[in-house]
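Coordinate analysis (summary)
The chain contents come next:
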Amino acid sequence: MWVNREIEHWTTTKSADRILPVVTDGHWEWDETRGDFTDDSTAVPAALRGVFTEEPLFLDLRWTRKEQHLSLRHPRFRDAIAQLAAPMHGVSKDELAGEDVRQHRRMRRLRSVGVTALLVLGFVASLAGLLAARNGERATAAMQETRRQEELASEQRANTERFAQEAQRQQSNANQQESRASDAAAQTQREQRLALQQRELAKRASAEAARQEANARRQEQFAAWSAARARDQQQLADKAAREAARQQKIAEEQQQLAKKAAVEAGRQKANADRQQRLAIGRRLTSEAKAIIGSDPRTALMIGLAARDIQAGDIQAGAELVSLMTSTHYIGTVDDALMAGTAANNIMVTCNQNGSVSLSTLKHLQMPTPLTTFDGGCGYSTPDSLDISPDGRTLAVIREGGVLLWDTSNPLLPIRLAPLARSSGDDQIAHTTFSPDGRFVATVSWRGRVMFWDLTDRAQPRQLPPLPAGPSGAETIVFSPDGRTIASIGRSEDVTLWDVREPSRPIRLYQLSEKSSQASFNANGSALATANGRGAVTLWDVTNRALPKRQADLTGSLSGWIAAIAFSPDGNLLAAGDDDGTVALWDLVNSADPVILSMGRKVGIIQRANFSSDGRTLITGGYREPLTLWNVSDFRGVPATRAELAHGGKPLIAAAYHQSGRSLTTADQDGGVTFWDIANPVRRDRRRIFPTDKPVTEAIAFSKDGGRMAIPGKMGVIFWDLTDQARPYRVATLSALRTPNYLAFNANGQTVAASYGLWTELWNISNISVPIRVARFKHNDWVRSMAFSPDGRTVAVATSDRTVVMWDLTNPTSPTPVASLTGYSDWVGALAFNQDGQTLATGTVGRAMVIWDVTDRGKPTQLVALKRSDLQTYYMAFGADRNVLVAGGFYGPSDSGSITLWDYAELNKLRADPAMHACTSVGRGLTAAEWRRFVPEFPYRPTCGG
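Residues numbered from 1 in each chain as written. Predicted model: local features only at pLDDT ≥ 70, side-chain atom pairs only at ≥ 80, totals over all residues. Heavy atoms only, no water.

Looking now at the overall build of the protein. For the protein, the helix and strand inventory stands at 9 helices and 56 strands. Considering the protein as a whole, with its 945 residues, one finds that 48% of them fall into the buried category. Working note: accessible area of the protein is about 46300 Å², and carbon and sulfur atoms make up 50% of it. (Helix = DSSP H or I, 4+ residues; strand = E, 2+ residues; numbered from the N terminus. Buried < 20%, exposed > 50% of the residue type's maximum accessible area, 1.4 Å probe, protein only. Areas by Shrake-Rupley, 256 points an atom, 1.4 Å probe, with all protein chains shown as cover.)

Structure below.
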């Protein structure tokens with residue numbers, strides 16, 4: 001539906017040439033002779049037919065069936081995406097694809113260069129470290145050699161000094177010997193030889209000393225050279241260490257860049273995964289919405305899968321709530337095969353294992369079990385069990401006979417005497433109780449109808465049988481007063497019988513219409529019959545001797561109708577056929593029945609029963625589970641909490657006090673009423689502006705009810721209502737002129753004033769000097785406005801049946817971010833709740849629609865309610881997050897009442913939609929169903945296993 005609305009909007013405001021269809025499934029064929037799509041083109045939305053004059057260019061993605069097909073690595077998919085994105089970017093497909101290739105190649109080159117640089121830098125750093133270590137070792141060895149040479153030179157110098165001293169001593173000895181030579185010649189010669197020897201030794205010692213000194217000088221020079229070489233080596237080592245440190249720093253920087261690139265790549269992948277999940281989740285949501293009317297159970301299971309896939313997306317939960325509130329489906333009792341209902345919302349079921357269960361039904365909830373016992377339930381026909389309307393007696397067909405049970409205490413059923421079993425193959429196939437439970441009628445396979453008196457249930461008394469018709473009876477139904485029965489024969493003839501004396505039944509009338517099912521309404525004035533062609537007929541049986549055809553209900557069902565039932569109040573009629581379709585009609589005006597809804601279940605529907613309060617319909621069929629339907633309001637629809645009677649002039653505005661204990665309202669007569677919510681009888685009405693009667697009905701209250709603004713002839717008049725006993729006039733702002741509508745923001749410092757197509761925002765923090773902050777235009781006449789509690793959004797409703805959400809993050813430049821559409825009338829009342837996540841809207845057609853606006857850019861409709869008595873002229877949320885105030889009618893009259901709506905049920909759904917959905921459907925998608933609906937992701941259970 002939303003796809004058609006989007007296309008209709010697009011074709012209305014844009015050229016059809018700018019539409020590029022994308023076909024993902026179905027048949028797509030252009031008929032040149034017609035100049036339009038063929039009738040069997042199932043992939044073409046209805047809104048797209050007749051738009052094009054020639055076959056449009058379209059993108060065919062029907063070949064995508066596997067996960068690898070949806071990857072940009074797949075050339076065909078990438079080409080298709082390029083073909084889709086090229087017009088959006090204003091470039092040719094080749095340019096877009098080329099840019100993609102260039103970006104891809106650039107990323108690959110950057111990745112390769114980064115890896116190569118890291119490898120080279122690591123190798124250089126390692127080599128430099130090894131070289132530095134080797135040079136350090138060489139420098140250390142050179143320094144040690146230098147020290148050794150210095151020590152050797154010092155030793156040589158010491159030897160030289162010692163030899164010089166020895167030479168001096170020898171010279172002294174020679175001189176002594178020469179002096180003695182004169183005394184003895186022989187001694188002299190000897191001494192001379194000795195002196196010569198000593199002199200030779202001295203010369204040798206002197207020469208050796210000179211050699212040693214020269215050698216020492218060479219050692220000192222070598223030591224100096226070695227020290228210089230060591231210094232050079234140290235410098236080279238220091239330089240190498242610095243280079244290694246530089247290379248290490250570069251390597252670390254490259255590593256950091258690589259890490260950042262990896263993080264960015266991960267972020268891009270995560271974003272792509274999130275976008276894929278959002279896209280698939282929204283696709284599943286669209287599929288669920290498309291089948292919610294025909295197959296609600298599957299739709300809710302698909303909705304659960306969509307929410308699970310979009311985990312973390314705030315809109316996903318709201319979409320699931322929207323699904324749940326748009327269907328009458330409550331849930332399925334898988335192990336129960338048939339059901340009957342009785343007083344006090346008692347339900348009895350025949351289970352697959354032959355046991356019988358008694359349960360209680362509560363509105364919008366699955367049955368609460370009371371007891372299960374071996375009741376001998378052998379499922380052979382849709383009518384294998386029945387319970388008396390008062391819930392005291394249960395009849396169970398077993399092997400052709402009937403077992404009776406006392407169920408006065410549903411927690412402790414007691415077996416009673418059985419009804420006599422028919423002989424031969426004429427076994428009992430159908431039972432039904434009279435409205436007062438005093439009689440039970442049985443129908444055999446051969447069409448024989450027997451009555452049993454249950455005055456003494458311990459000893460049932462058999463009465464004479466009903467006279468047999470030409471074909472025998474197949475089923476019978478009692479009128480509410482128990483005085484008449486309608487028997488349906490095997491030839492589909494319907495006969496009315498007077499059974500005021502069951503022992504002597506009297507034939508009254510045979511209807512002209514062939515029928516397979518029949519049911520009386522609550523007061524017995526109407527009889528509904530159904531045939532095998534999907535038609536339902538209403539008969540006026542006020543005169544049961546001469547029934548009159550009242551209305552035909554056709555076009556809703558197409559199969560063989562095997563189940564039909566009136567609600568306890570007679571205002572609703574339900575019917576089900578063998579196609580599994582359930583139809584519900586509103587018969588308040590029986591001359592003009594209105595089809596309320598259509599639902600669908602899996603399998604044949606052969607039985608339908610209303611709960612005793614008329615709010616739940618139970619349908620079932622042969623070997624099929626029972627399905628529970630909500631036939632009052634949709635799930636989550638607000639319920640009336642209280643009515644406040646005003647009794648004065650029509651009310652036109654309301655505001656809650658911030659404490660939540662008082663309510664302030666204004667009426668057309670210039671009066672303001674202060675209400676005590678705890679005790680609504682206590683109220684104080686003051687006509688505080690008799691001379692300032694509003695020029696328009698656009699009275700506005702501040703969020704806390706402490707300030708009021710009234711459009712007057714000379715401008716906008718502001719009143720202070722903080723002291724309810726003494727309200728006073730604050731100021732009249734002529735600068736604001738006379739607006740059509742007014743609205744305060746949450747803190748009361750800004751007021752929005754509308755003038756036809758325009759809205760102005762005024763800062764009134766200094767009320768004596770108001771400042772216009774912004775002015776913006778709408779597509780149509782403004783009808784109502786409301787600020788969000790944070791002041792960052794203003795919702796504006798216009799006459800074109802649209803509500804636009806404006807972003808006020810920059811108050812001087814409001815920007816539209818979303819539109820709320822789908823209304824059948826224009827919206828005249830708007831209200832945000834306390835946390836700003838809920839927006840209530842009321843239309844001139846007396847419809848209330850509640851939206852989830854947690855994501856202001858993507859509002860989701862939660863629930864809609866339309867009633868003839870619904871008041872939607874003004875709305876206000878209370879401090880209690882479960883209360884919404886609404887009042888006033890669009891029209892010449894007003895009831896003068898205020899309704900307090902309780903939407904706690906809706907809040908419960910929103911708090912945990914998955915839990916409520918799982919409770920209704922009983923399970924999530926199976927692995928096989930998951931592969932069918934969600935082939936892109938591996939299976940995961942959505943209902944806890």
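Together, L411, L412 and I414 make up an exposed nonpolar region whose accessible area comes to about 310 Å². Mapped onto the fold, L411 is located in the loop between β12 (401-406) and β13 (414-415). The exposure class of L411 is exposed, given its relative accessible area of 52%. (Patch = residues over 30% accessible without salt bridge, like charges linked within 9 Å, V, L, I, M, F, W, Y side chains within 5 Å. Salt bridge = Lys/Arg side-chain N within 4 Å of Asp/Glu carboxyl O.)

On inspection of all chains with the given rule, the structure shows 27 salt bridges. With its nearest N and O atoms 3.2 Å apart, the salt bridge here joins E760 to R772. Within this pair, whereas E760 is found in strand β44 (residues 758-763), its partner R772 is found in strand β45 (residues 771-777), the two being separated by 12 residues in sequence. Residue R772 is classed as partly exposed on the basis of its relative accessible area, which comes to 45%. Overlapping salt bridges bring together E513, R533, R549 and D552 as one network.

This part takes up the pairing of strand β31 (residues 616-621). Judged by how many residues are buried, β31 sits mostly within the fold: 6 of 6 residues are covered. Alternating residues of β31 divide into T616, I618 and G620 and L617, T619 and G621, and every residue in both groups is buried. In this structure, strand β30 (residues 607-610) lies alongside β31, joined through 4 bridges in antiparallel fashion. For R607, the partnering residue across the bridge sits in β31 and is G620. (Pairing = 2+ DSSP bridges.)

On to the UniProt feature "repeat: WD" (unreviewed entry) in the protein. In the numbering adopted here, UniProt assigns the feature "repeat: WD" (unreviewed entry) to residues 421-462, 561-587, 775-810 and 820-853. In residues 561-587, helix accounts for 0% and strand for 67%; the two terminal C-alpha atoms are 19 Å from one another. Across residues 775-810, the secondary structure splits into 0% helix and 58% strand, with the terminal C-alpha atoms separated by 13 Å. (UniProt positions renumbered as here; feature names shortened; annotations may be inferred.)

Taken together, the side chains of D17, E32, E54 and E55 make up a negatively charged region of the molecular surface. Relative to the helices and strands, D17 is located in the loop between α1 (2-13) and β1 (22-23). Owing to a relative accessible area of 74%, D17 belongs among the exposed residues under this scheme. (Lys, Arg positive; Asp, Glu negative; His and termini not counted. Charge placed at Lys NZ, Arg CZ, Asp CG, Glu CD.)

Reading across from one edge, β14-β15-β16-β17 is the order of the 4 strands in this open sheet, with antiparallel pairing throughout. Both outer strands of the open sheet, β14 (428-433) and β17 (461-462), are each paired with one neighbouring strand and no more. With 5 bridges joining them, β14 and strand β15 (residues 439-444) adopt antiparallel strand pairing. Bridging from a neighbouring strand, T431 pairs with T442 of β15.

Before going further, it helps to spend a moment on the side chain of S434. Structurally, S434 is set in the loop between β14 and β15. The buried category is assigned to S434, whose relative accessible area is 2%. A polar side-chain atom of S434 sits 3.3 Å from the main-chain amide nitrogen of R438. Those residues within four positions of S434 in sequence are excluded, and the remaining contacts are P389, F439 and F478. (Polar contact = N/O pair within 3.5 Å; in protein donor to acceptor, adjacent residues only side chain to side chain. Contact = heavy atoms within 4.5 Å.)

With 56 residues, the main nonpolar core has L284, F610, L617, M875, L884 and V934 as its most contacted residues. Per-element accounting of this core gives the leading share, 8 residues, to helix α5 (residues 296-309). If sequence neighbours within four positions are ignored, F610 has contacts with T341, A565, F566, S567, P568, L572, A574, L584, T616, L617 and V631. (Core = buried A, V, L, I, M, F, W, Y, C linked by side-chain atoms within 4.5 Å.)

In the Ramachandran plot, N345 falls in the positive-phi region, its phi being about 55° despite a non-glycine side chain. Following the sequence through the fold, N345 ends up in the loop between β6 (336-342) and β7 (346-351). Using a relative accessible area of 12% as the deciding quantity, one classes N345 as buried.

Judged by pairing direction, the sheet is antiparallel, and its 4 strands sit side by side in the order β5-β32-β31-β30 without closing on themselves. Two strands close off the open sheet at either side, each with one partner strand: β5 (329-333) and β30. Going from strand to strand, the sheet's axes swing by 20° on average, the running direction of each strand aside. Where β5 and strand β32 (residues 624-630) come together, 4 bridges link them in antiparallel fashion. When the sheet's bridge partners are listed, G331 is paired in β32 with L628. (Axes fitted to C-alpha atoms, helices over the stretch in contact; angles between N-to-C directions.)

This brings us to the packing of helix α6 (residues 314-325) against helix α7 (residues 904-911). Relative orientation of the contacting elements α6 and α7 amounts to 135°, with a least axis distance of 9 Å. Judged by the angle between their axes, α6 and α7 are oblique. Between α6 and α7 lies a crossing whose hand is right-handed. Between α6 and α7, the residues in contact are V321, M324 and T325 and L906, L909 and R910, respectively. Its residues assigned to classes, the contact of α6 with α7 shows 4 nonpolar, 1 polar and 1 charged. (Parallel < 35°, antiparallel > 145°, perpendicular 65-115°, else oblique. Left-handed = near helix turned anticlockwise from the far one by under 90°. Nonpolar A, V, L, I, M, F, W, Y, C, P; charged D, E, K, R; others polar.)

Applying the stated rule across the entire model yields 2 disulfides. Between the sulfur atoms of C350 and its disulfide partner C377 the distance amounts to 1.7 Å. With the S-S dihedral at roughly -115°, the linkage between C350 and C377 falls on the left-handed side. Here the residue C350 occupies a position in strand β7, and C377 occupies one in the loop between β9 (368-373) and β10 (385-387), the gap between them amounting to 27 residues. With respect to class, C350 is no different from C377; both count as buried. There is a disulfide in this structure between C918 and C943, and the S-S distance comes to 2.0 Å. Torsion about the S-S bond of the C918 and C943 cystine: about -90°, corresponding to left-handed handedness. Remark: C943 occurs in the segment after α9 (927-933) and C918 occurs in helix α8 (residues 913-921); sequence separation between them is 25 residues. The partly exposed category is assigned to C943, whose relative accessible area is 23%. Regarding the disulfides, the protein carries the connectivity 1-2, 3-4 under sequence-order numbering of its bonded cysteines. (Disulfide = S-S within 2.5 Å.)

Next up on the list: the packing of aromatic side chains. By the definition in use, this model includes 11 aromatic pairs. When the ring of Y329 is compared with that of W629, the centres are 6.0 Å apart and the planes differ by 75°; the resulting orientation is edge-to-face. Here W629 lies in strand β32 and Y329 lies in strand β5, a separation of 300 residues in the sequence. Y329 gets classed as buried once you look at its relative accessible area, which sits at 3%. Residues F776 and W806 carry aromatic rings whose centres are separated by 4.6 Å and whose planes lie at 45° to one another, so their mutual orientation is tilted. Taken together, the positions of F776 in strand β45 and W806 in strand β48 (residues 802-807) put the pair 30 residues apart, joining distant regions of the chain. The pair F776 / W806 is uniform in exposure class, with both members buried. (Phe/Tyr/Trp six-rings, centres within 6.5 Å; stacked < 30°, edge-to-face > 60°.)

Moving on to the environment of N907. Position of N907 among the secondary structure elements: in helix α7. Taking C-alpha positions, N907 is 7.4 Å from N882, a pair spaced 25 residues apart along the chain. Those residues within four positions of N907 in sequence are excluded, and the remaining contacts are R881 and N882.

Right, let's talk about the environment of V773 for a bit. For V773, the position within the fold is in strand β45. C-alpha of V773 to C-alpha of P811: the two residues are 38 residues apart in sequence and 6.8 Å apart in space.

Helix length check: α5 (14 residues) gives 20 Å between terminal C-alpha atoms against 20 Å at 1.5 Å per residue, within 8%. Most of α5 is tucked away, with 12 of its 14 residues classed as buried. Within α5, burial applies to P296, R297, T298, A299, L300, M301, I302, G303, L304, A305, A306 and I309. (Expected span 1.5 Å × (residues − 1).)

Further remarks concern the environment of L416. Within the element layout of this structure, L416 appears in the loop between β13 and β14. In sequence terms L416 and L403 are 13 residues apart; their C-alpha atoms lie 7.4 Å from each other. Setting aside residues up to four positions removed in sequence, L416 forms contacts with L404, W405, D406 and R457.

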